[in-house]
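One letter stands for each residue in the lines below.
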Amino acid sequence: MADCRKTLLVVEDNPINMKLIRCVLSLHDYRILEARDAETGIELAHRHRPDLILMDIKLPGMDGLSATAIIRRNPDLSGVPIVAVTSYAMLGDAERAIKAGCTEYMTKPINTRTLVNTVGRLLKTAGLKIGSAPKARVCQLGSAG
Ligand code: MN
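(A) Here's a closer look at the environment of proline 50. Within the secondary structure, proline 50 sits in the loop between helix H2 (38-48) and strand S3 (52-56). A C-alpha to C-alpha distance of 5.4 Å links proline 50 and leucine 8, two positions 42 residues apart in sequence.

In C-alpha coordinates form, the structure reads like this:
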(Lines give C-alpha, C1' and ligand atoms only; values in the text may rest on other atoms or scores of the structure.)
Protein backbone atom coordinates (compact mmCIF):
# COMPACT_ATOMS: atom_id res chain seq x y z
CA MET A 1 0.00 0.00 0.00
CA ALA A 2 1.86 3.07 -1.24
CA ASP A 3 0.02 5.61 0.82
CA CYS A 4 1.95 8.64 2.02
CA ARG A 5 -0.94 10.25 3.81
CA LYS A 6 -0.78 10.72 7.54
CA THR A 7 -2.83 8.15 9.37
CA LEU A 8 -5.15 9.25 12.13
CA LEU A 9 -6.88 6.91 14.52
CA VAL A 10 -10.19 8.19 15.86
CA VAL A 11 -11.60 6.43 18.91
CA GLU A 12 -15.14 7.71 19.39
CA ASP A 13 -18.35 5.90 20.27
CA ASN A 14 -20.75 8.68 19.34
CA PRO A 15 -21.70 8.23 15.66
CA ILE A 16 -22.48 11.91 15.16
CA ASN A 17 -19.13 13.03 16.54
CA MET A 18 -17.41 10.34 14.51
CA LYS A 19 -19.10 11.52 11.35
CA LEU A 20 -18.18 15.13 12.05
CA ILE A 21 -14.54 14.27 12.72
CA ARG A 22 -14.37 12.06 9.63
CA CYS A 23 -15.89 14.72 7.39
CA VAL A 24 -13.62 17.49 8.61
CA LEU A 25 -10.40 15.51 8.56
CA SER A 26 -11.15 13.89 5.21
CA LEU A 27 -11.07 17.32 3.65
CA HIS A 28 -7.43 17.47 4.67
CA ASP A 29 -6.54 14.21 3.02
CA TYR A 30 -5.71 12.22 6.11
CA ARG A 31 -6.18 8.49 6.17
CA ILE A 32 -8.64 7.77 8.95
CA LEU A 33 -9.01 4.64 11.04
CA GLU A 34 -12.11 4.42 13.19
CA ALA A 35 -12.78 2.60 16.42
CA ARG A 36 -15.96 2.77 18.46
CA ASP A 37 -14.52 1.31 21.63
CA ALA A 38 -11.23 1.30 23.52
CA GLU A 39 -10.35 -2.31 22.79
CA THR A 40 -10.64 -1.84 19.04
CA GLY A 41 -8.72 1.42 19.30
CA ILE A 42 -5.83 -0.27 21.09
CA GLU A 43 -5.73 -3.03 18.51
CA LEU A 44 -5.74 -0.62 15.58
CA ALA A 45 -3.07 1.51 17.22
CA HIS A 46 -0.74 -1.44 17.64
CA ARG A 47 -1.39 -2.76 14.16
CA HIS A 48 -1.25 0.47 12.15
CA ARG A 49 0.92 2.79 14.25
CA PRO A 50 -1.06 5.91 13.39
CA ASP A 51 0.61 9.32 13.25
CA LEU A 52 -1.91 10.74 15.68
CA ILE A 53 -4.76 9.47 17.86
CA LEU A 54 -7.96 11.26 18.82
CA MET A 55 -9.22 9.58 21.95
CA ASP A 56 -12.68 10.07 23.35
CA ILE A 57 -12.56 9.73 27.13
CA LYS A 58 -16.00 8.32 27.73
CA LEU A 59 -16.38 5.04 25.92
CA PRO A 60 -18.43 1.92 26.52
CA GLY A 61 -16.41 -0.50 28.62
CA MET A 62 -12.81 0.61 29.01
CA ASP A 63 -12.43 4.40 29.00
CA GLY A 64 -10.12 6.45 26.83
CA LEU A 65 -7.64 7.15 29.60
CA SER A 66 -7.02 3.48 30.31
CA ALA A 67 -6.67 2.89 26.59
CA THR A 68 -4.14 5.72 26.37
CA ALA A 69 -2.08 4.25 29.18
CA ILE A 70 -2.03 0.88 27.44
CA ILE A 71 -1.08 2.39 24.09
CA ARG A 72 1.78 4.30 25.73
CA ARG A 73 3.29 1.04 26.96
CA ASN A 74 4.09 0.11 23.38
CA PRO A 75 7.55 1.62 22.72
CA ASP A 76 6.60 2.17 19.08
CA LEU A 77 3.68 4.32 20.19
CA SER A 78 5.24 6.18 23.09
CA GLY A 79 5.73 9.30 20.98
CA VAL A 80 2.50 9.36 19.00
CA PRO A 81 0.41 12.43 19.81
CA ILE A 82 -2.79 11.45 21.59
CA VAL A 83 -5.49 14.09 21.89
CA ALA A 84 -8.07 13.41 24.57
CA VAL A 85 -11.56 14.52 23.61
CA THR A 86 -13.70 15.26 26.60
CA SER A 87 -17.00 16.88 27.39
CA TYR A 88 -16.62 20.49 28.47
CA ALA A 89 -18.50 19.69 31.66
CA MET A 90 -15.83 17.24 32.71
CA LEU A 91 -13.03 19.71 33.34
CA GLY A 92 -11.25 17.40 35.76
CA ASP A 93 -10.72 15.07 32.83
CA ALA A 94 -8.12 17.35 31.32
CA GLU A 95 -5.59 16.87 34.06
CA ARG A 96 -6.29 13.16 34.27
CA ALA A 97 -5.85 12.92 30.51
CA ILE A 98 -2.39 14.44 30.62
CA LYS A 99 -1.44 12.18 33.53
CA ALA A 100 -2.59 9.16 31.56
CA GLY A 101 -0.23 10.09 28.76
CA CYS A 102 -2.33 12.22 26.47
CA THR A 103 -0.44 14.97 24.68
CA GLU A 104 -3.26 17.44 25.07
CA TYR A 105 -7.02 17.59 25.23
CA MET A 106 -9.91 19.06 23.33
CA THR A 107 -13.38 19.78 24.64
CA LYS A 108 -16.73 18.80 23.19
CA PRO A 109 -18.72 20.04 21.44
CA ILE A 110 -15.99 19.71 18.84
CA ASN A 111 -14.90 22.95 17.24
CA THR A 112 -13.93 21.98 13.71
CA ARG A 113 -11.31 24.68 13.33
CA THR A 114 -9.68 23.75 16.63
CA LEU A 115 -9.71 20.14 15.53
CA VAL A 116 -7.96 20.82 12.24
CA ASN A 117 -5.46 23.21 13.78
CA THR A 118 -4.61 20.89 16.65
CA VAL A 119 -4.13 17.89 14.41
CA GLY A 120 -2.00 19.86 11.94
CA ARG A 121 0.18 21.35 14.65
CA LEU A 122 0.75 18.07 16.45
CA LEU A 123 1.59 16.23 13.26
CA LYS A 124 4.18 18.87 12.48
CA THR A 125 5.85 18.61 15.85
CA ALA A 126 5.45 14.86 16.34
CA GLY A 127 8.79 13.35 17.14
CA LEU A 128 10.11 16.64 18.48
CA LYS A 129 7.75 17.12 21.36
CA ILE A 130 6.61 14.03 23.12
CA GLY A 131 4.19 15.26 25.74
CA SER A 132 4.36 13.43 29.02
CA ALA A 133 5.40 10.04 27.73
CA PRO A 134 8.25 8.98 30.02
CA LYS A 135 10.29 6.81 27.65
CA ALA A 136 9.79 8.57 24.39
CA ARG A 137 11.53 7.94 21.14
CA VAL A 138 12.73 11.11 19.53
CA CYS A 139 11.88 10.17 15.99
CA GLN A 140 9.90 7.51 14.27
CA LEU A 141 11.38 6.73 10.89
CA GLY A 142 8.91 6.39 8.10
CA SER A 143 6.25 8.52 9.68
CA ALA A 144 8.15 11.78 9.73
CA GLY A 145 6.81 12.61 6.29
MN1 MN B 1 -18.05 8.92 24.18
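Now that the structure is up, let's keep going.
(B) Region of interest: helix H1 (residues 15-26). In this model, H1 (12 residues) spans 16 Å end to end at C-alpha, consistent with the 16 Å of a helix rising 1.5 Å per residue. Regarding H1, the residues found buried are Asn17, Met18, Ile21, Val24 and Leu25. The buried side chains of H1 occupy one side of the element, clustering within an arc of 140 degrees when seen end-on. Of the exposed residues in H1, those oriented more than 90 degrees away from the buried face are Pro15, Ile16 and Lys19. Where H1 is buried, its residues touch strand S1 (7-11), strand S2 (31-35), S3, strand S5 (104-108) and helix H5 (112-125).

(C) How the structure looks around the packing of H1 against H5. Two elements in contact, H1 and H5, have axes separated by 10 Å at closest approach and are oriented at 55 degrees. By the angle between their axes, H1 is oblique relative to H5. With respect to the hand of their crossing, H1 and H5 are arranged in right-handed fashion. Between H1 and H5, the residues in contact are Leu20, Ile21, Val24 and Leu25 and Thr112, Leu115, Val116 and Val119, respectively.

(D) Quick look at the coordination of the manganese ion. Within the first shell, the manganese ion binds the protein through Asp13 (OD), Asp56 (OD) and Lys58 (O), at distances of 2.0 to 2.2 Å. Residue class for lysine 58 comes out exposed when judged on its relative accessible area of 68%.

(E) Structural view of the sheet that holds S1. Strand order in the open sheet made by the five strands is S2-S1-S3-S4-S5, with parallel pairing throughout. Edge positions in the sheet fall to S2 and S5, since each of these pairs with one other strand and no more. With direction set aside, neighbouring strand axes in the sheet form an average angle of 20 degrees.

(F) Structural context of the pattern of salt bridges. The final tally for this structure, using the stated rule, is 10 salt bridges. For glutamate 34, the salt bridge is made with arginine 36, and the minimal N-O distance between the two is 3.8 Å. Under the relative-accessibility criterion, arginine 36 is labelled partly exposed at 39%. The residue glutamate 104 makes a salt bridge to arginine 121 at a minimum N-O spacing of 3.0 Å. Within this pair, whereas glutamate 104 is found in strand S5, its partner arginine 121 is found in helix H5, the two being separated by 17 residues in sequence. For glutamate 104, a relative accessible area of 17% corresponds to the buried category. A single salt-bridge network, built from bridges that share partners, covers Glu12, Asp56 and Lys108.

Conventions used here
- Residues numbered from 1 in each chain as written.
- Predicted model: local features only at pLDDT ≥ 70, side-chain atom pairs only at ≥ 80, totals over all residues.
- Heavy atoms only, no water.
- Helix = DSSP H or I, 4+ residues; strand = E, 2+ residues; numbered from the N terminus.
- Expected span 1.5 Å × (residues − 1).
- Buried < 20%, exposed > 50% of the residue type's maximum accessible area, 1.4 Å probe, protein only.
- Arc of directions from axis to C-beta.
- Contact = heavy atoms within 4.5 Å.
- Axes fitted to C-alpha atoms, helices over the stretch in contact; angles between N-to-C directions.
- Parallel < 35°, antiparallel > 145°, perpendicular 65-115°, else oblique.
- Left-handed = near helix turned anticlockwise from the far one by under 90°.
- Donors = N, O, S within 2.8 Å, 3.2 Å for Na, K, Ca; no water.
- Pairing = 2+ DSSP bridges.
- Salt bridge = Lys/Arg side-chain N within 4 Å of Asp/Glu carboxyl O.

Geometric descriptors of this kind do not, in isolation, establish any biological role.
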